[in-house]
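Given next are the chains, with one letter for each unit.
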Protein chains: 2
Amino acid sequence: MTAATILAEAAAHPFDEALTLKTVAEGVYEGVPSQLYWNMAGPFGGVTAATLMKGVLEHPAMRGRPLAQTVNFCAAVTPDPFVLKVVLERDGKSTQHWSVRLEQAGQMAANATLVTGPERDTWNAQPSQPPTARDAADVPVFASQALTAWFSQYEMRFDHGAPNLDVASETGLIRAWLRDRQARPLDYLALASMADAFAPRVFLMRGVRAPAATVSLSTYFLAAPDELAAQDVRPILGEAQPRAARHGFHDQSVELWSDAKSLLAVSHQLVWFKD
Amino acid sequence: MTAATILAEAAAHPFDEALTLKTVAEGVYEGVPSQLYWNMAGPFGGVTAATLMKGVLEHPAMRGRPLAQTVNFCAAVTPDPFVLKVVLERDGKSTQHWSVRLEQAGQMAANATLVTGPERDTWNAQPSQPPTARDAADVPVFASQALTAWFSQYEMRFDHGAPNLDVASETGLIRAWLRDRQARPLDYLALASMADAFAPRVFLMRGVRAPAATVSLSTYFLAAPDELAAQDVRPILGEAQPRAARHGFHDQSVELWSDAKSLLAVSHQLVWFKD
């Protein structure tokens, strides 16, 4: 493959198509929520998170790579065009602090704070261990094509907790191998999206598909770019688990592991659910 | 005690004194970082988190109670006065989305997003179990008075992982009973602060006290006001644990449990550390 071919193929990937932004001014972009990643009543939250991140990554003042992102889902995102506004709030030696607003019809529908920073080689440790799971090749691919648009964009292999609304799961635990259905090398945008690819745990815990939506999502990116490059297009291992559900909200945490047993990212969210 | 006496005592608590804000306009406050909760090179992050939350709680448009808060520590907070600016970004039926800026000398030193919402009674579940720990009364109080100002404001009983820089801890795990040294009934401000009361895990993991600071802190409040009221001034059980440290940053998660074995809040942060 020539470089031109590779670039053409990358541009053709539905994820990149969904994240297309048009620069209007420095830090101001226009875009349209992609039907390719539509959920039941709006775009898949993971793609919204990646869209907010992309605004920062395209900003000329950005140095380094994503470290921490929080996305707040403030209101339903409609199929209409949006404006993305990116501001570098504070620029330091080891971190840059960004804020991002996604506005539709002049109102904020989602916002994010993002911390970026240059790479440093330091002491390292990994007290956490990856979950024990069968090899991806030994786990059947889940038939997601008939479900929502966004779900069919991912290839998921459920080692534990495959979606089954007939049976309630007390733990709400899911463990799955995950990658784009159409192969795409792993990057921070993909991680930001995949961090939200594990459905609200309330579906599992109750065994019913009641209305539920992410309210706030925070993801920490522990992996350096070379680790993501090494993972390439192979599936990563995700494990998602809630701690408690009360008063119409529950938390859940997601760990995303490389197949070399390195923790690439960890993500936490608060989910609203209807009784 | 008369109501007046109770109010006078509450006002006299160092935590409430530290959180004192002067309203300048709707959503605009002035304050001074409190020396009562000073850390080594700035105020204790937990009190900064509580200060940002307090600006929202004092806003006349606020309904309900805190659900999710993310605080970004953008630059060193100095002992100088600050201005707090609170904006209700989006007001919905089940959630309100707030943003808060803490500015010193016209520059943002810290910011927060906060989601609040009215109480709803719903289906509930608690897949997580509280950690096994000795009763608070059976764990000696840690002698924190000689250390930093903020640390001496808390009474901590380390069931596991008492600070000891002579011994590196591979897991970085701490489990401790925690309350204000001067008794104060538990509320959301206290939880926001206590969520940051477990020192950067890198101290434990490396067994050295190298420079480290929280970059971003997200806390989810699962408990309703009546649960906090029931906990009153008795110690809560906290457990803090990191997953991975790489490239100058590590994550850590904190669970805060009532003594009735209910998960009150869960908190996650990304910590910067110097090699």
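Residues numbered from 1 in each chain as written. Chains lettered and ligands numbered in written order. Predicted model: local features only at pLDDT ≥ 70, side-chain atom pairs only at ≥ 80, totals over all residues. Heavy atoms only, no water.

**Description of the overall build of chain A**
Part 1 of the argument: If you tally the helices and strands in chain A, you get 7 helices and 13 strands.
Part 2 of the argument: Against the globule reference of 19 Å for 275 residues, chain A gives a C-alpha radius of gyration of 18 Å, in line with a compact fold.
Part 3 of the argument: The C-alpha extent of chain A, read off along each of the three principal axes, is 50 × 40 × 40 Å.
Part 4 of the argument: Considering chain A as a whole, with its 275 residues, one finds that 59% of them fall into the buried category.
Part 5 of the argument: Considering only contacts within chain A whose residues lie at least 6 apart along the sequence, 68% involve residues at least 24 apart.
Part 6 of the argument: Of the roughly 10,600 Å² of accessible surface on chain A, a fraction of 56% belongs to carbon and sulfur atoms. (Helix = DSSP H or I, 4+ residues; strand = E, 2+ residues; numbered from the N terminus. Rg over C-alpha atoms; globule rule 2.2 N^0.38 Å. Buried < 20%, exposed > 50% of the residue type's maximum accessible area, 1.4 Å probe, protein only. Contact = heavy atoms within 4.5 Å. Areas by Shrake-Rupley, 256 points an atom, 1.4 Å probe, with all protein chains shown as cover.)

**What to know about the interface of chain B and chain A**
Part 1 of the argument: Each partner contributes residues to the interface: chain B has 65 residues there, and chain A has 66 residues.
Part 2 of the argument: In this assembly, chain B packs against chain A so that about 5,700 Å² is buried in total across both faces, 56% of it on carbon and sulfur atoms.
Part 3 of the argument: Counting the surface chain B buries against chain A, the share from its top three residues, Trp123(B), Arg243(B) and His247(B), is 15%.
Part 4 of the argument: Connecting chain B to chain A are 6 salt bridges.
Part 5 of the argument: Ionic pairing is found between Glu89(A) and Arg101(B), a salt bridge with its closest N-O pair at 3.1 Å.
Part 6 of the argument: Counting the contacts that link chain B with chain A gives 47 residue pairs in polar contact (both at pLDDT 80 or more). (Buried area = accessible area lost by both parts, 1.4 Å probe. Salt bridge = Lys/Arg side-chain N within 4 Å of Asp/Glu carboxyl O. Polar contact = N/O pair within 3.5 Å; in protein donor to acceptor, adjacent residues only side chain to side chain.)

**Re the packing of aromatic side chains**
Residue and element names in this part refer to chain A.
Part 1 of the argument: Under the defined criterion, the tally for this structure stands at 20 aromatic pairs over all chains.
Part 2 of the argument: When the centroid spacing of 4.0 Å and the interplanar angle of 5° are considered together, the rings of Phe44 and Trp150 count as stacked. Of this pair, Phe44 sits in the loop between strand 2 (28–31) and helix 3 (45–57) while Trp150 sits in helix 4 (residues 149–152); the two residues are 106 residues apart in sequence, bridging distant segments of the chain.
Part 3 of the argument: Using a relative accessible area of 2% as the deciding quantity, one classes Phe44 as buried.
Part 4 of the argument: Of the aromatic side chains, those joined through ring pairs into one cluster are Phe15, Tyr37, Phe44, Phe142, Trp150, Phe151, Tyr154 and Phe158. (Phe/Tyr/Trp six-rings, centres within 6.5 Å; stacked < 30°, edge-to-face > 60°.)

**Focus on the nonpolar core**
Part 1 of the argument: Formed by 57 residues in total, the largest nonpolar core has its most connected members in Tyr154(B), Leu191(B), Phe198(B) and Leu256(B).
Part 2 of the argument: Not counting the four nearest positions on each side in its chain, Tyr154(B) is found in contact with Phe15(B), Tyr37(B), Phe44(B), Ser144(B), Leu178(B), Arg179(B), Asp180(B), Arg181(B), Ser193(B) and Met194(B).
Part 3 of the argument: Of all hydrophobic cores here, the second largest spans 56 residues; its members include Trp98(A), Tyr188(A), Leu204(A) and Leu217(A). (Core = buried A, V, L, I, M, F, W, Y, C linked by side-chain atoms within 4.5 Å.)

**Concerning the side chain of Gln69(B)**
All names here are of chain B.
Part 1 of the argument: Take Gln69: it is sitting in strand 3 (residues 65–73).
Part 2 of the argument: Reaching out from Gln69, the side chain makes a polar contact with the backbone oxygen of Ala49 at a distance of 3.1 Å.
Part 3 of the argument: Non-local contacts of Gln69, meaning those with residues more than four positions away in its chain, are made with Ala49, Leu52, Met53, Ala112, Thr113, Leu114, Ala192, Leu217, Ser218, Thr219 and Phe221.

**Considerations on the pairing of strand 8 (residues 174–180) of chain A**
Residues and elements named next belong to chain A.
Part 1 of the argument: With 6 of 7 residues buried, strand 8 lies mostly within the body of the structure.
Part 2 of the argument: Bridge count between strand 7 (residues 154–160) and strand 8: 6 bridges; the pairing is antiparallel. Bridging from a neighbouring strand, Phe158 pairs with Ala176 of strand 8.
Part 3 of the argument: Note that strand 8 and strand 10 (residues 236–241) share 5 bridges and pair antiparallel. For Trp177, the partnering residue across the bridge sits in strand 10 and is Leu237. (Pairing = 2+ DSSP bridges.)

**A word on helix 3 (residues 45–57) of chain B**
Part 1 of the argument: Across the 13 residues that make up helix 3 of chain B, a large majority, 12, are buried.
Part 2 of the argument: For helix 3 of chain B, every residue scored as buried is listed here: Gly45(B), Gly46(B), Val47(B), Thr48(B), Ala49(B), Ala50(B), Thr51(B), Leu52(B), Met53(B), Lys54(B), Gly55(B) and Val56(B).

**Focus on the confidence of the model for chain A**
Low pLDDT marks regions whose predicted coordinates should not be analysed in detail.
Part 1 of the argument: Summarising the model, chain A shows a mean pLDDT of 93, and 95% of its residues fall at 70 or more.
Part 2 of the argument: Overall fold confidence (pTM) sits at 0.95, and the ipTM for the predicted complex is 0.95. (pLDDT = per-residue confidence, 0-100.)

**Some remarks on the relation of the copies chain B and chain A**
Part 1 of the argument: Note on the identical chains: chain B maps onto chain A by a rotation of 180° and an axial translation of 0.0 Å, with an RMSD of 0.0 Å. Taken together, the rotation angle and the small translation identify this as a two-fold axis.
Part 2 of the argument: Mapped onto chain A, 100% of the interface residues of chain B are again interface residues, and the two copies thus contact each other with one and the same surface. (Least-squares fit on C-alpha atoms with pLDDT ≥ 70 in both.)

**Some words on empty space enclosed by the protein**
All names here are of chain B.
Part 1 of the argument: Within the structure shown, the criterion is met by 4 cavities of 30 Å³ or more.
Part 2 of the argument: Forming the boundary of the largest cavity are Ala18, Val32, Pro33, Ser34, Tyr37, Pro43, Val47, Thr48, Thr51, Val77, Phe82 and Leu102.
Part 3 of the argument: Ranked by residues supplied to the lining of the largest cavity, first place goes to helix 3 with 3 residues.
Part 4 of the argument: When grouped by side-chain class, the residues that make up the lining of the largest cavity number 9 nonpolar, 3 polar and no charged. (1 Å grid on protein atoms, 1.4 Å probe; cavity = no way out; pocket = protein on both sides within 12 Å on 5 of 7 lines; lining within 4 Å. Points joined across faces, edges and corners; volume = space filled by probe spheres on them. Nonpolar A, V, L, I, M, F, W, Y, C, P; charged D, E, K, R; others polar.)

**Some points on the state of the cysteines**
Part 1 of the argument: Across all of its chains, the model carries 0 disulfides over all chains by this definition.
Part 2 of the argument: Residue Cys74(A) stays outside any disulfide, its sulfur separated by 18 Å from that of Cys74(B), the closest cysteine.
Part 3 of the argument: Take Cys74(A): its relative accessible area is 8%, and that puts it in the buried class. (Disulfide = S-S within 2.5 Å.)

**Overview of the pattern of salt bridges**
Part 1 of the argument: Enumeration according to the criterion identifies 36 salt bridges over all chains in this entry.
Part 2 of the argument: Residues Glu255(A) and Arg243(B) are paired through a salt bridge, measuring 2.8 Å at the closest nitrogen-oxygen approach. Highlighted residues: Glu255(A) in strand 12 (residues 249–257) and Arg243(B) in the loop between strand 10 (236–241) and strand 11 (245–246), drawn from two different chains. By the burial criterion, Glu255(A) is buried, and Arg243(B) matches it.
Part 3 of the argument: Across the salt bridge formed by Glu155(B) and Arg179(B), the nearest N and O atoms sit 3.0 Å from each other.

**Re the pairing of strand 6 (residues 107–117) of chain B**
Residues and elements named next belong to chain B.
Part 1 of the argument: Among the 11 residues that make up strand 6, 10 are buried, leaving the element largely enclosed by the rest of the structure.
Part 2 of the argument: Where strand 3 and strand 6 come together, 8 bridges link them in antiparallel fashion. Counterpart to Gln69 in the pairing with strand 6 is Leu114.
Part 3 of the argument: Looking at chain direction, strand 5 (residues 96–104) and strand 6 are connected through 9 bridges and run antiparallel.

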